[in-house]
Amino acid sequence: TTEIYTLSLHDALPIFLVGEEEIKLTTMEFKLLLYLARRFGKLQSKAEILKQVWGYDDSVSSRTVDTHVQRIRRKIGSMRYRLETIRGFGYRLK
């Protein structure tokens, strides 16, 4: 289990806890959030996220990451500020 303040992510199940509230994630939302959680505080480029989470080639330009981040933010509600956008580069969980 990966815990970040009041956020908890079980490494094997697509379940995410915000405090006591259980939030179900899609497989890809879970993989993205787990990837960022394991690199807590470290800025991750969109290209690296696409490569590591989706297995896409670095040359692929995609809004996939942006779309999934937006969906995760909607689901985690009051904790959405923890998923930070670094404009023109990527994301980090803080």
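First things first, this report covers the structure right here in the doc. (Residues numbered from 1 in each chain as written. Predicted model: local features only at pLDDT ≥ 70, side-chain atom pairs only at ≥ 80, totals over all residues. Heavy atoms only, no water.)

Moving on, we get to the packing of helix α1 (residues 27-38) against helix α3 (residues 64-76). Where α1 meets α3, the closest approach of the two axes is 10 Å, and the angle between their N-to-C directions is 90 degrees. One finds that α1 runs roughly perpendicular with respect to α3. Along the contact surface, α1 presents Met-28, Glu-29, Leu-32 and Leu-33, while α3 presents Val-65, His-68, Val-69, Arg-71, Ile-72 and Lys-75. Per-class residue counts for the contact of α1 with α3 are six nonpolar, one polar and three charged. (Axes fitted to C-alpha atoms, helices over the stretch in contact; angles between N-to-C directions. Helix = DSSP H or I, 4+ residues; strand = E, 2+ residues; numbered from the N terminus. Parallel < 35°, antiparallel > 145°, perpendicular 65-115°, else oblique. Contact = heavy atoms within 4.5 Å. Nonpolar A, V, L, I, M, F, W, Y, C, P; charged D, E, K, R; others polar.)

All right, on to the pattern of salt bridges then. Following the criterion strictly, the structure yields five salt bridges and no others. Where Lys-24 meets Glu-22, a salt bridge forms, and the shortest distance between an N and an O atom there is 3.7 Å. Overall, Lys-24 belongs to the exposed group, its relative accessible area being 60%. A salt bridge links Glu-84 to Arg-92; the nearest nitrogen and oxygen atoms lie 2.6 Å apart. A residue is classified by how much of its surface remains accessible, and Arg-92, at 25% relative accessible area, is partly exposed. Beyond isolated ion pairs, a larger network of salt bridges with shared partners links Lys-46, Arg-63 and Asp-66. (Salt bridge = Lys/Arg side-chain N within 4 Å of Asp/Glu carboxyl O. Buried < 20%, exposed > 50% of the residue type's maximum accessible area, 1.4 Å probe, protein only.)

Here α1 crosses helix α2 (residues 46-54) at 120 degrees, and the two axes come no closer than 10 Å. With respect to their mutual orientation, α1 and α2 come out oblique. Handedness of the α1/α2 crossing: right-handed. Facing α1, whose interface residues are Met-28, Lys-31, Leu-32, Tyr-35 and Leu-36, α2 presents Glu-48, Ile-49, Gln-52, Val-53 and Trp-54. Per-class residue counts for the contact of α1 with α2 are seven nonpolar, one polar and two charged. (Left-handed = near helix turned anticlockwise from the far one by under 90°.)

Here the focus is the environment of Lys-42. Examined against the element boundaries, Lys-42 turns out to sit in the loop between α1 and β5 (44-45). Residues within four places of Lys-42 in sequence aside, it is in contact with Tyr-91 and Arg-92.

Below, the discussion takes up the sheet that holds strand β7 (residues 90-93). Reading across from one edge, β5-β7-β6 is the order of the three strands in this open sheet, with antiparallel pairing throughout. Each edge of the sheet is formed by a strand with only one pairing partner; in this case those strands are β5 and β6 (83-86). Examined bridge by bridge, β6 and β7 share four bridges and lie antiparallel to one another. If you follow Leu-83 over to β7, its bridge partner there is Leu-93. Along the sheet, α1 makes contact with β5, β6 and β7, crossing β7 at roughly 70 degrees. (Pairing = 2+ DSSP bridges.)

Purely geometric stuff here, so don't read any function into it on its own.
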